[in-house]
Number of protein chains: 2
Amino acid sequence: MNAPLSFHSAGVPAALIEALSQRFGPRFTTALAVREQHGRDESPFDVPPPDAVVFAESTDEVAFVVAQAAAHRVPVIPYGAGSSLEGHLLAVQGGISLDVSRMNRVLQLHPEDLTVTVQPGVTRLQLNREIKDSGLFFPIDPGADASLGGMCATRASGTNAVRYGTMRENVLALEVVTASGEVIRTGTRAKKSSAGYDLTRLMLGSEGTLGVITEITLKLHPLPESVAAAVCFFPDVASAVNTTIQVIQMGVPIARCEFLDAHAVRAVNAHDRLGLREAPMLLMEFHGSDASVKEQAATVQEIAAEWGGADFEWATTPEERTRLWTARHHAYLSGLQMKPGCRAVTTDTCVPISHLAEGVTAALADAEAAGLPHFVVGHVGDGNFHIAYLIDPALPEERDTAERLNDAVVQRALAAQGTCTGEHGIGLHKQGFLVEETGAGSVALMRAIKQALDPLGIMNPGKIFAA
Amino acid sequence: MNAPLSFHSAGVPAALIEALSQRFGPRFTTALAVREQHGRDESPFDVPPPDAVVFAESTDEVAFVVAQAAAHRVPVIPYGAGSSLEGHLLAVQGGISLDVSRMNRVLQLHPEDLTVTVQPGVTRLQLNREIKDSGLFFPIDPGADASLGGMCATRASGTNAVRYGTMRENVLALEVVTASGEVIRTGTRAKKSSAGYDLTRLMLGSEGTLGVITEITLKLHPLPESVAAAVCFFPDVASAVNTTIQVIQMGVPIARCEFLDAHAVRAVNAHDRLGLREAPMLLMEFHGSDASVKEQAATVQEIAAEWGGADFEWATTPEERTRLWTARHHAYLSGLQMKPGCRAVTTDTCVPISHLAEGVTAALADAEAAGLPHFVVGHVGDGNFHIAYLIDPALPEERDTAERLNDAVVQRALAAQGTCTGEHGIGLHKQGFLVEETGAGSVALMRAIKQALDPLGIMNPGKIFAA
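Residues numbered from 1 in each chain as written. Chains lettered and ligands numbered in written order. Predicted model: local features only at pLDDT ≥ 70, side-chain atom pairs only at ≥ 80, totals over all residues. Heavy atoms only, no water.

Draft legend 1. The arrangement of the overall build of chain A in detail. Along the backbone of chain A there are 16 helices and 18 strands. Compactness check: chain A gives a C-alpha radius of gyration of 22 Å against a globular reference of 23 Å for 467 residues, within 12% of the reference. Taken over the C-alpha atoms alone, chain A extends approximately 70 × 55 × 45 Å along its principal axes. For chain A, long-range pairs separated by at least 24 residues make up 72% of all intrachain contacts whose partners lie at least 6 apart in sequence. Of the roughly 15,700 Å² of accessible surface on chain A, a fraction of 53% belongs to carbon and sulfur atoms. Each charge class in chain A was averaged separately, 36 positive and 53 negative side chains, and the resulting centres sit 4 Å apart. (Helix = DSSP H or I, 4+ residues; strand = E, 2+ residues; numbered from the N terminus. Rg over C-alpha atoms; globule rule 2.2 N^0.38 Å. Contact = heavy atoms within 4.5 Å. Areas by Shrake-Rupley, 256 points an atom, 1.4 Å probe, with all protein chains shown as cover. Lys, Arg positive; Asp, Glu negative; His and termini not counted. Charge placed at Lys NZ, Arg CZ, Asp CG, Glu CD.)

Draft legend 2. Seen up close, the packing of helix 10 (residues 262-272) of chain B against helix 12 (residues 318-336) of chain B. Residue and element names in this part refer to chain B. As a packed pair, helix 10 and helix 12 sit with axes 8 Å apart at the nearest point and diverge in direction by 95°. Compared by their axis directions, helix 10 and helix 12 come out roughly perpendicular. Two secondary-structure elements touch here, helix 10 through A267, V268, H271 and D272 and helix 12 through A327, H330, A331, S334 and G335. In terms of residue class, the contact of helix 10 with helix 12 is built from four nonpolar, four polar and one charged. (Axes fitted to C-alpha atoms, helices over the stretch in contact; angles between N-to-C directions. Parallel < 35°, antiparallel > 145°, perpendicular 65-115°, else oblique. Nonpolar A, V, L, I, M, F, W, Y, C, P; charged D, E, K, R; others polar.)

Draft legend 3. Spatial organisation of the pattern of salt bridges. This model, assessed by the stated rule, comprises 42 salt bridges over all chains. Across the pair D141(A) and R256(A) runs a salt bridge whose closest N-O atoms are separated by 2.8 Å. With D141(A) in the loop between strand 7 (136-137) and helix 5 (148-153) and R256(A) in strand 13 (residues 256-260), the pair connects residues that are 115 residues apart, well separated along the chain. Just as D141(A) is buried, R256(A) falls in that class too. A salt bridge links K430(B) to E86(B); the shortest N-O distance between them is 2.8 Å. Placement of the pair is K430(B) in the loop between helix 14 (396-415) and helix 15 (431-438) and E86(B) in the loop between strand 3 (76-79) and strand 4 (96-99), with a sequence separation of 344 residues. You'll find K430(B) and E86(B) in the same group, each marked buried. Three or more residues are tied together by salt bridges with common partners; here these are R124(A), D141(A), R256(A), E285(A) and R321(A). (Salt bridge = Lys/Arg side-chain N within 4 Å of Asp/Glu carboxyl O. Buried < 20%, exposed > 50% of the residue type's maximum accessible area, 1.4 Å probe, protein only.)

Draft legend 4. Quick peek at the nonpolar core. Core analysis: the biggest nonpolar cluster contains 176 residues, and L148(A), M167(A), L218(A), I254(A), L148(B), M167(B) and L218(B) have the highest contact counts within it. Not counting residues up to four positions away in its chain, the partners in contact with M167(B) are F138(B), I140(B), L148(B), M151(B), C152(B), R155(B), A156(B), L204(B) and L218(B). (Core = buried A, V, L, I, M, F, W, Y, C linked by side-chain atoms within 4.5 Å.)

Draft legend 5. Inspection of helix 14 of chain B at higher detail. All names here are of chain B. Across its 20 residues, helix 14 extends 28 Å between first and last C-alpha, which sits within 8% of the 28 Å expected from 1.5 Å per residue. Among all positions of helix 14, only E398, T401, A402, E403, L405, N406, D407, V409, V410, A413 and L414 are buried. Close packing links the buried residues of helix 14 with strand 16 (343-346), helix 13 (356-370), strand 18 (384-391) and helix 15. Backbone geometry just downstream of helix 14 places Q417 in the positive-phi region, at approximately 65°. (Expected span 1.5 Å × (residues − 1).)

Draft legend 6. Examining the environment of T30(B) more closely. Residues and elements named next belong to chain B. Along the chain, T30 turns up in the loop between strand 1 (28-29) and helix 2 (32-37). A relative accessible area of 38% means that T30 is categorised as partly exposed. For the pair formed by T30 and V54, sequence separation is 24 residues and the distance between their alpha carbons is 8.9 Å. Sequence-distant contacts of T30, that is, excluding residues within four places in its chain, are made with R35, D51 and A52.

Draft legend 7. Layout of the relation of the copies chain B and chain A. The transformation that overlays chain B on chain A combines an axial shift of 0.0 Å with a rotation of 180°, and the residual RMSD is 0.0 Å. What we have between these two chains is a two-fold relation. Looking at chain B, 100% of its interface residues are interface residues in chain A too, so the copies touch through the same face. (Least-squares fit on C-alpha atoms with pLDDT ≥ 70 in both.)

Draft legend 8. Local environment of the domain arrangement of chain A. Residues and elements named next belong to chain A. Domains assigned within chain A are domain 1 (14-101), domain 2 (106-222) and domain 3 (226-415). Distance between the C-alpha centres of domain 1 and domain 2: 22 Å. In this assembly, 15 residues from domain 1 lie in contact with 19 residues from domain 2. For the pair domain 1 and domain 2, the number of links is zero salt bridges. Taken together, the connections running from domain 1 to domain 2 amount to two residue pairs in polar contact (both at pLDDT 80 or more). No other element matches the six residues that helix 3 (residues 59-72) contributes to the side of domain 1 that touches domain 2. (Domains from an automatic or database assignment. Polar contact = N/O pair within 3.5 Å; in protein donor to acceptor, adjacent residues only side chain to side chain.)

Draft legend 9. Focus on helix 11 (residues 290-306) of chain A. Spanning 17 residues, helix 11 of chain A covers 25 Å between terminal C-alpha atoms, matching the ideal 24 Å at 1.5 Å per step. On its buried face, helix 11 of chain A is in contact with helix 6 (161-164), strand 12 (226-233), helix 9 (237-249), strand 14 (281-288) and strand 15 (313-315) of chain A together with helix 11 (290-306) of chain B. Positive phi appears at G308(A), one or two residues downstream of helix 11 of chain A, with a value of about 80°.

Draft legend 10. Seen up close, the sheet that holds strand 3 of chain B. All names here are of chain B. Ordered in space as 1-2-4-3, the four strands form an open sheet in which the pairing is mixed. Lying at the two open borders of the sheet, with one neighbouring strand each, are strand 1 and strand 3. Of the pairings in the sheet, the one linking strand 3 to strand 4 comprises four bridges and is parallel in character. Its bridge partner lying in strand 4, V76 is registered against I96. Together, strand 2 (52-55), strand 3 and strand 4 form the strand contacts of helix 3 (residues 59-72), whose direction differs from that of strand 4 by roughly 170°. (Pairing = 2+ DSSP bridges.)

Draft legend 11. Up close: unusual backbone geometry. All names here are of chain B. A positive phi angle, near 55°, is found at E207, a position not held by glycine. Residue position: E207 is located in the loop between helix 8 (199-203) and strand 10 (211-219). Positive phi, normally seen in glycine, also occurs at I464, with a value near 70°. Among the structural elements, I464 can be located in the segment after helix 16 (440-453). Residue class for I464 comes out buried when judged on its relative accessible area of 1%.

Draft legend 12. Spatial organisation of the interface of chain B and chain A. Counting from both sides, the interface comprises 80 residues of chain B and, opposite them, 80 residues of chain A. Together, the buried faces of chain B and chain A total about 6,200 Å²; carbon and sulfur atoms form 55% of this surface. At the boundary of chain B with chain A, the tally comes to six salt bridges. Linking D382(A) and K191(B) is a salt bridge whose minimum nitrogen-to-oxygen distance equals 2.8 Å. At the junction of chain B with chain A, the criterion picks out 43 residue pairs in polar contact (both at pLDDT 80 or more). By residue number, the principal contributor to the side of chain B that touches chain A is helix 16 of chain B, which donates nine residues. Its residues placed into classes, the side of chain B that touches chain A shows 29 nonpolar, 33 polar and 18 charged. (Buried area = accessible area lost by both parts, 1.4 Å probe.)

Draft legend 13. Main features of the state of the cysteines. Going through the model one piece at a time under the given rule, you end up with zero disulfides over all chains. In this model C257(A) remains outside any disulfide bridge; the closest cysteine sulfur is found in C232(A), 10 Å from its own. (Disulfide = S-S within 2.5 Å.)

So, in C-alpha cells, the structure goes:
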C-alpha cells in the first residue's frame, strides 16, 4: 500500500525572488492565482501550490532558473501542459514551478530522415498540425493534448503504442538542463546507437527528478496510405478482451485497439451524442496499404465473430473517424461528468497480454461490489487498462474505497508479472507500489542515481520516491 | 581522435584465489591457455589476459564472485561468447574473467504472452532452435552467434533491426548482479511501463561496467506467414544505398535490407561458393502475409529499377534463403580471408538515413585512395554500415592508416548528426569519439552514474571511459 502524503516548504529566499524577477520581469510571479493553477494536475491530490512560477522561453532561461535554484537549494518543478495524472506537478516541498509551455517551437523538421526536433512545450496535436504537409506524423497519443516534454517525463504512450511503441521507442535524443544548470545532449538523430549509457532512456520517465528537458528529437512515421476505423460490440467484457489477446498473439499489425466498457460508452454517448450501443466495445484502427488494411480487418473480424462480436461498424469518412477518436479522448472527462463534482482515482496497470481478461473482469467485479461509480477504458492491445473510480472529494471513505480497489488491481497485475503503471508514471501515488513491483534493491539503485545526478535534491523532489 | 591504450594489473590476492577455488573447484582456473582464450575478442587489440577465469553456473555463483571481487577490489569482466568487436572483454586492468556461457538455459517460455526468459549464456541461434515449435522467433541478429547477455551489454542489433528494432526495443526485463554482489530485477513482463527510472535500458549498452546480467526477459514475435528473400545488383554503391533510403522514406516495412559492396560479395563468393555477381548488392527479406510480401517486394522493385537495379533474384526455398543469410553472416570472416593473417579495424557509424549514401561513398573513396584492402557491409535500412580495413598486425603504419580512415568516417557521421557506433559499443576503441559525439557534460554524467553504482570501480573498468 501507499503511504500518506507529506508536504512542507522552506519558502523561497528573497535573494532568489530578486534574481528571478530581475531576469524574467512579469514572466516571474508569486501571484496566488497563477501559483494555484500550477499547483494541481489531473490527480486527486490537494497540496499547497508552489511558492512562485516562472515562464521560461529558452534553454538559457531554464539553465538560469535551475542554477539559481541550486544556489539557494530551492526545488524546481518542470511544468508543461498540466495533464499529469499522478501528482507529478504538485509542490510537495514548495519551490518554483518552471513553466516551459512557451517553449513551443518546432525547431527542425527533417522529412528526409523521418525526424523532427521540438521544444518541450509543443503539444502532440500542435506537432501533427505543423508537420501535416510533410506526409509524416507523430503517433504517440496519450489522449490529453499533453506537452511533448511532459510525455517524455512520464514515458507516455496511449492509443497508437500497440503498433508504433511508446515514447521509449520514439525519442531519439534530448537536450537536458541538469540539476547544476548545465546543458547536455543525449543521443543523436541516428535511428540506433550503442554509444555509452542510454541517457535518453534514463531521462524518459524520470518525471523531472533528474533534470529539465529543453529539446526533444523524435522519430516520425509516414502517414499510412490507407486508414480505417471500426467499432465492434461484444456480449461481455471478457469476449472483447479475448478478441484483442488473440489479435496480438497472431501478430496482426493493428494500429489502435481500444476497449471501452458499457459505462464508458454511456459516458461518451452522453458527452459527444454518439448513439453507440451501450455494451463492451472495441474501437480499432488499421493502417497500411489498401490491401493490408483489408486483410487485417478481415482477420480481426473473424476473431471477433468467434467471441460473439457484432459486425464491424466502419467509420468511413475521416470526419467520422475523428469524431470517434475525439470521443475516445474525451472518455476521461466524459466519465467524470457521470458524477457531478467528483474526482477520479485512476488505475494504470499493464500486464502480459494473456492475463488481461482476468484483470479487467476482476477489477469490474470488485468495483460493482463496492458500489462506487466507475468506468473502464483500455489500451488493451498493450495489456494496459484504466479503471476510474469516481469519488466525492468530501467523503474520505470513498477515497479509501477507491484506493482499496486500486490496490487490488495492482496486486493482481504484480502477481501476473505486470506493472503498476503502464504510462502514467509513479508520481506521488504509486511510490509504495514501485517498491513492491521492482524490489527495494532496484529502488535503492534509482535513489543512488538520483543522488549522483541531483545531489542537492532540488529536481522535483518527493516524486517517484519520497525525498 | 582516440588515446592510446594503457593497461596494468594489480594481480589477484591469494585470499581471493583461495575463496574462488574453494567454491568453484575446477571451474576456477589461472591456467594460461584459458586466460588467453578469455583475454581476446574480435577486436584488433593485444593486451595481457585476465589473472583468472571462473565459470559460473547460477546467479548465486555470479553474486558470490562479484561480492568476493568487491571485498578484494579486483576487476570483474563478464564474458559470454567472446564475439565483441571493440575490446570489451580485454583485461586492461587485470582481474577475473567471469564466464557465464554455461548459464545457458531457456528458463520460461510464455508463447501466450510472446515473452521468454533466458540465462545470459544462451546464444541467439540456440534460443531460436529451442523455441521453434512455438511459432515465435527472436529477431535480433548481429551476425555472430553472440550470447544474449553480450547482446544486452552492447545494445546489439543487426540485420532485422530495420523492422523489429534493436535490443533496446526487445528486452523487457533483466536480473542483474550489481557491483556490490546484490541481485536486483529491472522491469516486468508487461510490454510497457512507466515505473521509475528505466534501469533496463540503463543496463542495456553498459558493457559490463554497471553489473553482471544474469537473466533476460525478451519479447518474441510471431513467425511471419510468408518470408521472401531476394538479391538485387546495382551499377554503383550510391544507387544501392539510394534505393534503400527511398524504401525507408516510403515506410515499406521491409524486414532486412543489407548492403554488400563488390569486395564483400567477392569475399562471400570465395568463402561460400555462391556465384553472385560481384557488384554492389542489396540482400533483402520481406515478412508478412502473402499479399503484403508481394506488395512490399513490388514497391521495392519499382524503386530499385529507378536506380538502375537489376531484376530481383529470389531465394525461393528456405534452404536457399538460409544459404544467402549464412553467407551474409560469414561476410566478416570471409572478408578476413582476403588477406591471410590480417586483422580488421571495423567502423560502425550510423547516420540519419538521408546521409547514408554520401557516407558510404566517401568512406570507399578514402579507402581506395589509401590502398588498404577493405570491404563494406551495412544494415543500410537503419543508416548503419561497417567498413572493415584489413591490416597486417605486424605493420603499425597499416593500423595508423586504418585508424585515420576510421576517424574520417566517424567525423563525417558526427557532422551528419549520427553516431560513432550503431551497434558494437564503445569498448576500448571509441572513447575519444564518445566525448566528441555526446560532449564532455554527458560523459561526466555517465561517469557520475558509474561512480554511484560501482564506487569501487571493479565492473569491467577502463571500458566506455578510461578509469
